[in-house]
Amino acid sequence: MTANPTSSVPPLTQRPAWRALEAHYQQIKDAHLRDLFAHDPQRGTKFVAEGAGLYFDYSKHRVTDETLRLLLQLAQECGLRERIDAMFRGDPINITENRSVLHVALRAPRDAVIMAEGRNVVPEVHAVLDKMSAFADQVRGGAWKGYTGQRIRNVINIGIGGSDLGPVMAYEALKDYSDRNMTFRFVSNVDGTDFVEATRDLNPAETLFIISSKTFTTLETMTNAQSARAWVLNALHDENAVARHFVAVSTNAEEVQKFGIDTANMFGFWDWVGGRYSMDSAIGLSTMIAVGPENFRQMLAGFHAMDEHFRATPFERNLPVLMGLLAVWYNNFFGAQTVAVLPYDHYLKRFPAYLQQLTMESNGKSVTLDGLQVNYQTGQIFWGEPGTNGQHSFYQLIHQGTKLIPCDFIGFSQTLNPLGDHHDLLMANLFAQTEALAFGKTPEQVKAEGTADALVPHRTFAGNHPTTTILAERLTPATLGTLVALYEHSVFTQGTIWQIDSFDQWGVELGKVLAKRIIPELQSKDEPQLNHDSSTNALIRRYRQQRGSRG
Ligand code: F6P
């Protein structure tokens, strides 16, 4: 393991800013947003930051100037500036895997210089982008034909985790920019239902599979890839068809070759790209085929704009820094356990699911970079649904329940689908929700409306629920890149404060190992000798009994 640059600083909870924040929390915890706004008429335009085309309103947060001053001091005491520089410099900040963390290089302009392991990686990044562009153009233009000479009309990305969630999310988000004559599907789950449903109405002769896997060893992906191979060969009856119907995105050329995919049809990336930070690498090949190389490059430009904002903007105006620090404020001082992400744009319906991996696989850690058990909370649970659907479902709990749930509201001033007054109605709902959450409705207001006394408590809204509103002009490929980079860097900011490695994921390993042991126990003809705990043994026996013999 590489030396940890933060090991010389005192533990988080003993830092002056942390202690000051604890004391400050005691003073401010009962302050109501109604009063904060009443005392400062400029609040709604003061606690706002702008960057890379995003308007970031954090005025409806339970913070004062002093809160921000202390949070910014905490960032400084935790070495955030140094950590950002170390990341952009290509230092191996993923210390448990001794790797650089350079997703920012994936969207760097052609003439940028970013070093990893002693060499400038930007030319390699652009070489892959160029290769992807040429391939995407061939598929989109019909020059890339299937084995029987038919045009490719369907593209199926097979991958899981970071090799799936980014591509699905981006495809859904940018559907308006996609080639509507083509069909795009995404298979991730090892549950055969996923594959069967994705392929049941498609013609293998017109279908291209992109096998996306950083390692090319992931059980789910390899199982689905084998089923895809069988599905194609069952229809086309010739091994040579594989080369026309399968391409790979991976860092592992050896395994790609073993699978039977020509490495000429492999799009590479690098160890310094984490799976959940890879949607803008070759893992985005399906996105590029869907929206075209130019739109993909626009998306990269959006990512890059936010990278530059994060790297170069003073922290008090820096969106990802502010977002990350606010997350720490609620997580560690108010005890909030979750964050709701509420995009008021139907195209962003998979954005919360995408963020779940980004945030929870990154910051769901309980030991510090020094390997010490933390004595404070780390990563929150992220969840959400697009507005306005969530309003008729779980918003009740956010408004009147007992939990404090900070929310991110994301909206756009212009719609991609003008239809009557739908967009004004949508956005009116977004603004209304943040207003209602912040200010609520007092018992006096409820009474004044003539509500019967017995109902007053039920119809009262306590308010004081914190929200961020992120407003952009329009959902474009560039805006999407900017939004994703905002969350990526916010996650990094939080991880830096918590002194954890946001770039490893050891927590996913144990289940994988145990599953490998159980597979033969489910499949063996003879009754297996089971040595698990009594619950697992009984479940396996019952499964074997009910499943019956294989067809
Ligand atoms: O779930 C663990 C994980 O390693 C993720 O971090 C990753 O995105 C996913 O599996 C898929 O991995 P691969 O791209 O190597 O198939």
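It should be noted that the structure appears before, not after, this text.
Residues numbered from 1 in each chain as written. Predicted model: local features only at pLDDT ≥ 70, side-chain atom pairs only at ≥ 80, totals over all residues. Heavy atoms only, no water.

Trainee: Explanation requested: empty space enclosed by the protein in the structure shown.
Mentor: One pass over the structure, following the stated rule, counts three cavities of 30 Å³ or more. In this structure, the largest cavity spans a volume of roughly 160 Å³. In terms of lining residues, the largest cavity is bounded by 18 residues, among which Met323, Leu326, Ala327, Val339 and Asp408 are the most central. The set of elements that each furnish at least two residues to the lining of the largest cavity consists of α14 (319-334), β12 (407-412) and α20 (477-498). Estimates place the volume of the second largest cavity at around 50 Å³. Ranked by residues supplied to the lining of the second largest cavity, first place goes to helix α6 (residues 122-141) with four residues. For the lining of the second largest cavity, the residue count by class is seven nonpolar, two polar and one charged. (1 Å grid on protein atoms, 1.4 Å probe; cavity = no way out; pocket = protein on both sides within 12 Å on 5 of 7 lines; lining within 4 Å. Points joined across faces, edges and corners; volume = space filled by probe spheres on them. Helix = DSSP H or I, 4+ residues; strand = E, 2+ residues; numbered from the N terminus. Nonpolar A, V, L, I, M, F, W, Y, C, P; charged D, E, K, R; others polar.)

Trainee: I'm lost on the site of the ligand in this one. Help?
Mentor: Around the ligand lies a shell of 14 residues, among which Ser163, Ser213, Thr215, Thr218 and Glu361 are the nearest. Contact distances for the ligand include 2.7 Å between an oxygen atom and a backbone N or O atom of glycine 162. Glutamine 357 is positioned such that a nitrogen or oxygen atom in its side chain is 3.1 Å from an oxygen atom of the ligand. Spatially, the ligand is embedded in the largest pocket. When grouped by side-chain class, the residues that make up the shell around the ligand number two nonpolar, nine polar and three charged. (Near = heavy atom within 4 Å. Polar contact = N/O pair within 3.5 Å; in protein donor to acceptor, adjacent residues only side chain to side chain. Sits in = over half its atoms within 2 Å of the grid points.)

Trainee: What should I look at first to understand the side chain of serine 250 in this one?
Mentor: As for its position among the elements, serine 250 is in strand β8 (residues 246-250). A distance of 2.8 Å separates the side chain of serine 250 from the backbone oxygen of serine 213, its partner in a polar contact.

Trainee: Would you take a moment to explain the layout of surface pockets for this structure?
Mentor: One way to see where empty space is left: roll a probe the size of a water molecule over the atoms. Taken as a whole, the largest pocket spans an internal volume of roughly 1000 Å³. Lining the largest pocket are 41 residues, and of these Thr215, Thr218, Val508, Glu509 and Lys512 lie nearest its centre. Only α9 (219-236), α15 (351-363) and α21 (509-523) provide two or more residues apiece to the lining of the largest pocket. Partitioning the lining of the largest pocket into residue classes produces twelve nonpolar, 19 polar and ten charged.

Trainee: Help me understand the sheet that holds β8 in this model?
Mentor: The pairing of strands in a sheet comes from backbone hydrogen bonds and takes either a parallel or an antiparallel form. Sheet architecture is open: five strands sit in the order β6-β5-β7-β8-β9, paired in parallel fashion. Of all strands in the sheet, those with a lone pairing partner are β6 (183-187) and β9 (266-268), marking the two edges. Geometrically, the sheet is characterised by an average inter-axis angle of 20° between neighbouring strands, direction not taken into account. Note that strand β5 (residues 154-158) and β6 share five bridges and pair parallel. (Pairing = 2+ DSSP bridges. Axes fitted to C-alpha atoms, helices over the stretch in contact; angles between N-to-C directions.)

Trainee: What exactly am I supposed to notice about the packing of aromatic side chains here?
Mentor: Aromatic ring pairs are defined here through the distance separating the ring centres and the angle between the ring planes. Under the definition given, this model contains 30 aromatic pairs. Relative to phenylalanine 184, the ring of tyrosine 171 has its centre 5.3 Å away and its plane inclined at 40°; by these criteria the two rings are tilted. Separated by 13 residues along the polypeptide, tyrosine 171 in helix α7 (residues 165-173) and phenylalanine 184 in strand β6 bring together distant segments of the chain. Each member of the pair, tyrosine 171 together with phenylalanine 184, is buried. Seen in terms of ring centroids, tryptophan 383 and phenylalanine 394 are 4.7 Å apart; in terms of plane orientation they differ by 70°. Their pairing is edge-to-face. Taken together, the residues span a long stretch of sequence, with tryptophan 383 in strand β11 (residues 381-383) and phenylalanine 394 in the loop between β11 and α16 (395-400) at a distance of eleven residues. Judged by relative accessible area, which is 22%, tryptophan 383 ranks as partly exposed. Grouping aromatic residues by their ring pairs yields a cluster made of Trp18, Tyr25, Trp329, Tyr330, Phe333, Phe334 and Tyr376. When the ring centre of phenylalanine 267 is taken as origin, the NZ or CZ atom of lysine 131, which lies over that ring, is 5.2 Å away. (Phe/Tyr/Trp six-rings, centres within 6.5 Å; stacked < 30°, edge-to-face > 60°. Buried < 20%, exposed > 50% of the residue type's maximum accessible area, 1.4 Å probe, protein only. Lys NZ or Arg CZ within 6 Å of the ring centre and 35° of its normal.)

Trainee: Would you mind showing me how to read the environment of threonine 199 here?
Mentor: Mapped onto the fold, threonine 199 is located in helix α8 (residues 192-199). Sequence-wise, threonine 199 and serine 281 are 82 residues apart; in three dimensions their C-alpha atoms are separated by 26 Å. Setting aside chain neighbours within four positions, we find threonine 199 in contact with Ile156, Phe209 and Trp231. (Contact = heavy atoms within 4.5 Å.)

Trainee: I'm lost on α9 in this one. Help?
Mentor: In an α-helix there are 3.6 residues to a turn, and that puts residues three or four apart on one side. An ideal rise of 1.5 Å per residue puts 26 Å on 18 residues; α9 measures up with 26 Å between its terminal C-alpha atoms. Remark: histidine 237 follows α9 within two positions and exhibits a positive phi of approximately 55°. (Expected span 1.5 Å × (residues − 1).)

Trainee: I would appreciate a short explanation of α14 in the present structure.
Mentor: Between its first and last C-alpha atoms α14 spans 21 Å; for 16 residues at 1.5 Å apiece the expected length is 22 Å, and the two agree. Of all 16 residues in α14, 16 are buried; the element is thus mostly enclosed. Phi turns positive one or two residues past the end of α14, at glycine 335, with a value near 75°.

Trainee: What is the right way to look at the pattern of salt bridges in this model?
Mentor: Note that side chains of opposite charge can pair when their charged atoms are close. Counting across every chain of the model gives 27 salt bridges. Aspartate 85 serves as the salt-bridge partner of arginine 81, at 3.0 Å between the closest nitrogen and oxygen. Here arginine 81 pairs with aspartate 85, and both are found in helix α5 (residues 80-89), just four residues apart, close to one helical turn. Notably, a salt bridge pairs arginine 311 with glutamate 308, separated by 2.7 Å at the nearest N-O pair. With a gap of three residues between them, arginine 311 and glutamate 308 both fall in helix α13 (residues 293-312), about one helical turn apart. Overall, arginine 311 belongs to the partly exposed group, its relative accessible area being 33%. One network of salt bridges, in which partners are shared, links Arg107, Asp280, Asp307 and Glu488. (Salt bridge = Lys/Arg side-chain N within 4 Å of Asp/Glu carboxyl O.)

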